[in-house]
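Here are the chains, one letter per residue:
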Amino acid sequence: MSRELISKATRNEFREVLVGFTLRQIELIFEGANIQANLKYAPQVGGQRRSLVEQYYSTINFCSEEDVNRLIKAYGEVVFQLERPTNNNGVSQEVIENIKRRMELDGYRYESGRFNCISGRELSLLQSVRSHAVKLDMEGLHIQVERLLRAADTDPPLAIGTVKELVETVCKTILEDKGKGIESTNKDLPALIKLVRKELSLLSEDIPESAKGADTIRCLLSNLGQIVQGLAELRNLYGTGHGRSARSKGISSRHAKLAVGAGVSLATFLLETHLERSENSSDVSNEVN
């Protein structure tokens, strides 16, 4: 069975937002995106506006990229109208940000008045970090992931600063879980990653000679430190959090995406290793008990 490209939860959120629009406005939004309504369809929802939105939804195949692209165009127009200074639809900025987040979870980011598809790799990595954050109850990580979802294209310095903060958050949380929280105080990122690698047995000397591909694994592990050093240096040069000359040149979106990809990959690897080791320790404890 094909996966729906826009979740039902997102569709319902937009439907409720559109309750604040007039019937004519709803018609213009959907028909402007070349979506027709099935006026014979009788949805089980209350109110004319909700019913009209569902009549438009009923003609859309949510598994079809072509159909969904038209719907995304309509959703972009909804947000564009809501963010106009003359907006009188009674929709708060909090609700607007919520529907943007809903779309980001489905893989679409609002930029320059429209929704654009987030690259599959970036979305997969960020969703992976988000799922681990839920398991570890890391509310701060949720916030950083949301910033990263928006920033790589629109605000490269913010993306650079945030991805460094994300890796720091992951390192400090792992050390706290290991009872080493005090040791992480006032440590810079390279020092934090060294402590975490030690706690997770990810140092080169932790790999036995008998392990298959031992030299290759050691090389990859040593490169973790180089990634961290690079993130720290980029943040100092270009990221948020440091004042610099107004004449200084910024960093491009493509370089920011490279840094975000490396940082999120590292954060994901550390979180997955920590969760795996914790689960294995729990299994051993249960066997002993």
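What follows deals with the overall build of the protein. Counting secondary structure elements, the protein contains eleven helices and two strands. Ordered by position from N to C terminus, the α and β elements of the protein give α-α-α-α-α-β-β-α-α-α-α-α-α. The proportion of buried residues among the 289 residues of the protein is 42%. Once local pairs closer than 6 in sequence are excluded, the contacts in the protein between residues at least 24 apart make up 63%. Accessible surface computed for the protein: about 15800 Å², of which carbon and sulfur atoms make up 49%.

Attention now moves to the packing of helix α2 (residues 23-32) against helix α4 (residues 65-82). Put simply, α2 and α4 touch, their axes get as near as 8 Å, and they point 140° apart. As far as their axial angle goes, α4 and α2 are oblique. In this structure, the crossing between α2 and α4 has a hand that is right-handed. Here Q25, I29, F30 and G32 of α2 lie close against α4, whose contacting residues are L71, K73, A74, E77, V78 and Q81. Per-class residue counts for the contact of α2 with α4 are five nonpolar, three polar and two charged.

What follows is about the pattern of salt bridges. Applying the stated rule across the entire model yields twelve salt bridges. Residue E66 pairs with R70 through a salt bridge whose shortest N-O separation is 3.7 Å. Of this pair, E66 and R70 both sit in helix α4, separated by four residues, roughly a single helical turn. A salt bridge links R109 to E111, with the shortest nitrogen-to-oxygen separation between them at 3.9 Å. A single network of salt bridges, built from pairs that share partners, joins R15, E16, R50 and E54.

What follows is about the packing of helix α1 (residues 8-18) against helix α3 (residues 48-57). At a minimum axis separation of 9 Å, α1 and α3 run at an interaxial angle of 140°. Taken together, α1 and α3 sit at an angle that is classed as oblique. For the element pair α1 and α3, the recorded crossing hand is right-handed. For the pair formed by α1 and α3, the contact residues are R11, N12, F14, R15, E16 and L18 on the first element and R49, R50, V53, E54 and Y57 on the second. Grouping the amino acids of the contact of α1 with α3 by side-chain chemistry returns four nonpolar, one polar and six charged.

In this model, the protein carries a mean pLDDT of 80, and residues with pLDDT of at least 70 account for 82%. Mean pLDDT per element in the protein: helix α6 (residues 120-136) is the minimum at 65, and α3 is the maximum at 96. Segment residues 242-248 is flagged for pLDDT under 50; beyond a separation of four residues in sequence, or across chains, it makes seven contacts in the model.

Position of N98 relative to the elements: it lies in helix α5 (residues 93-106). Overall, N98 belongs to the partly exposed group, its relative accessible area being 23%. Between the C-alpha atoms of N98 and E13, which are 85 residues apart in sequence, the distance is 8.7 Å. Only 3.3 Å separates the side chain of N98 from the side chain of E13, close enough to count as a polar contact.

Let's shift gears to the packing of aromatic side chains. Scanning the model with the defined rule gives six aromatic pairs in all. Pairing F14 with F115 gives two aromatic rings, centres 6.4 Å apart and planes at 80°, and the pair type is edge-to-face. A residue pair is termed long-range when its members are at least 10 positions apart, and F14 in helix α1 and F115 in strand β2 (residues 114-117) qualify at 101 residues. F115 shares its class with F14; the two are buried. Taking 5.2 Å as the distance between ring centres and 65° as the angle between the ring planes, the aromatic pair formed by Y110 and F115 counts as edge-to-face. In this pair, the class of Y110 matches that of F115, namely buried.

Definitions and cut-offs
- Residues numbered from 1 in each chain as written.
- Predicted model: local features only at pLDDT ≥ 70, side-chain atom pairs only at ≥ 80, totals over all residues.
- Heavy atoms only, no water.
- Helix = DSSP H or I, 4+ residues; strand = E, 2+ residues; numbered from the N terminus.
- Buried < 20%, exposed > 50% of the residue type's maximum accessible area, 1.4 Å probe, protein only.
- Contact = heavy atoms within 4.5 Å.
- Areas by Shrake-Rupley, 256 points an atom, 1.4 Å probe, with all protein chains shown as cover.
- Axes fitted to C-alpha atoms, helices over the stretch in contact; angles between N-to-C directions.
- Parallel < 35°, antiparallel > 145°, perpendicular 65-115°, else oblique.
- Left-handed = near helix turned anticlockwise from the far one by under 90°.
- Nonpolar A, V, L, I, M, F, W, Y, C, P; charged D, E, K, R; others polar.
- Salt bridge = Lys/Arg side-chain N within 4 Å of Asp/Glu carboxyl O.
- pLDDT = per-residue confidence, 0-100.
- Polar contact = N/O pair within 3.5 Å; in protein donor to acceptor, adjacent residues only side chain to side chain.
- Phe/Tyr/Trp six-rings, centres within 6.5 Å; stacked < 30°, edge-to-face > 60°.

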